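Chain residues, written in single-letter form:
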Amino acid sequence: QVELKDKVSSSDEGKRAHAAALRVVDRLREAMPLEQFTVTSFHPGVLRAVEAHSPDVTTALWVTKAVMAKPTNNLNPDPNKNALIDGKPNIDWLVQRARDAHADGLALGPFGATEKMLERSATEHLKIIVGDVDSAEAAERYANDGRIESVVTEEPALVKTIQN
């Protein structure tokens, strides 16, 4: 997975970030087979640019609990459309955000990767990446769930624990 740490500025509508993302995609395509990487971003516009430039590259939109908790943000400009319902992720909202970004999937923390979300992702043909995994038990559970494309952790020793 390649996460584009893009800083999209409203003044240039992200055009510089989009151009940089497309250069990264071109370099990745030269370096490795497509099935070995997924481009992720918190910014839908960057993913739409990647999709337009390289529709065969797999993309996923990062959506965190913190983003879902904000009444309005780059993913939720309409405060009348709630990302959370009774404190739980609104699955319709998540699916629509992925569709709006032209993404092939969603990158979610454990908060968003609920059983209902995993079931829905299968019917919607959305790939799921689970990030912010901070225990060996959770990493193993997600790694062994065939509905999950990949697991992201800030604790690489977890992977070694699972592999042993």
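I will try to describe carefully the structure that is included in this document. Keep in mind it's a predicted model, so treat the numbers as computed, not measured.

About the criteria used
- Residues numbered from 1 in each chain as written.
- Predicted model: local features only at pLDDT ≥ 70, side-chain atom pairs only at ≥ 80, totals over all residues.
- Heavy atoms only, no water.
- Helix = DSSP H or I, 4+ residues; strand = E, 2+ residues; numbered from the N terminus.
- Buried < 20%, exposed > 50% of the residue type's maximum accessible area, 1.4 Å probe, protein only.
- Areas by Shrake-Rupley, 256 points an atom, 1.4 Å probe, with all protein chains shown as cover.
- Arc of directions from axis to C-beta.
- Pairing = 2+ DSSP bridges.
- Right-handed = clockwise from strand over helix to strand, strands pointing away.
- Axes fitted to C-alpha atoms, helices over the stretch in contact; angles between N-to-C directions.
- Parallel < 35°, antiparallel > 145°, perpendicular 65-115°, else oblique.
- Left-handed = near helix turned anticlockwise from the far one by under 90°.
- Contact = heavy atoms within 4.5 Å.
- Nonpolar A, V, L, I, M, F, W, Y, C, P; charged D, E, K, R; others polar.
- Phe/Tyr/Trp six-rings, centres within 6.5 Å; stacked < 30°, edge-to-face > 60°.
- Lys NZ or Arg CZ within 6 Å of the ring centre and 35° of its normal.
- Core = buried A, V, L, I, M, F, W, Y, C linked by side-chain atoms within 4.5 Å.

Structural notes on the overall build of the protein
1) Next: When helices and strands are tallied, the protein shows seven helices and eight strands.
2) Next: For the protein, with 164 residues in total, the buried portion stands at 42%.
3) Next: Summed over its atoms, the accessible surface of the protein is roughly 9300 Å², and 50% of this surface lies on carbon and sulfur atoms.

Notes on helix α6 (residues 136-143)
1) Next: All of the buried residues in α6 are A136, A138, A139 and Y142. Angularly, the buried residues of α6 cover 165° about the axis, an arc narrow enough to put them on a single face. For α6, the exposed residues lying more than 90 degrees away from the buried face are E137 and R141.

Section: the pairing of strand β8 (residues 148-151)
Within a regular strand, side chains alternate between the sheet's two faces.
1) Next: As defined by bridge partners, strand β7 (residues 127-130) adjoins β8 across three bridges and the pair is classed as parallel. By the bridge assignment for β8, V130 is matched with V151.
2) Next: Handedness of the crossover joining β7 and β8 through α6 is recorded here as right-handed.

As for the packing of helix α4 (residues 91-100) against helix α5 (residues 115-124)
1) Next: Where α4 contacts α5, the axes come no closer than 10 Å and their chain directions differ by 40°. By the angle class used here, α4 and α5 are oblique. Every pair of crossing elements has a handedness; the one defined by α4 and α5 is right-handed. Of the residues in α5, those in contact with I91, D92, L94, V95 and R99 of α4 are K116, M117, R120 and E124.
2) Next: Looking at side-chain class alone, the contact of α4 with α5 contains four nonpolar, no polar and five charged residues.

Things to note about the packing of aromatic side chains
1) Next: Within the structure shown, the criterion is met by one aromatic pair.
2) Next: Ring geometry for F42 and W62: centres 6.0 Å apart, planes at 25°, overall stacked. On the criterion of sequence distance, the pair formed by F42 in the loop between β2 (38-41) and α2 (44-53) and W62 in strand β3 (residues 58-63) is long-range, its members being 20 residues apart.
3) Next: Note on W62: relative accessible area 5%, which makes it buried.
4) Next: The cationic tip of K65 hangs over the ring face of F111; the distance from NZ or CZ to the ring centre is 4.7 Å.
5) Next: We note R141 situated over the ring of Y142; from NZ or CZ to the ring centre the distance is 4.8 Å.

Some details on the pairing of β2
1) Next: Because side chains alternate across β2, one face comprises the buried residues T38 and T40, and the other comprises V39 and S41, equally buried.
2) Next: As paired strands, β2 and β3 are joined by four bridges and run parallel to one another. Residue S41 lies in a different strand from β3, and its bridge partner there is L61.

Concerning the nonpolar core
1) Next: Of all hydrophobic cores here, the largest spans 35 residues; its most connected members are V63, L94, L106 and M117.
2) Next: When residues of this core are traced back to their parent elements, those giving at least two are α1 (15-31), α2, β3, α4, β6 (105-108), α5, β7 and α6.
3) Next: A total of five residues in this core trace back to one element, the largest contributor, which is α4.
4) Next: Residue contacts for L94: discarding those within four places in its chain leaves V63, M68, P89, L106, L108 and M117.

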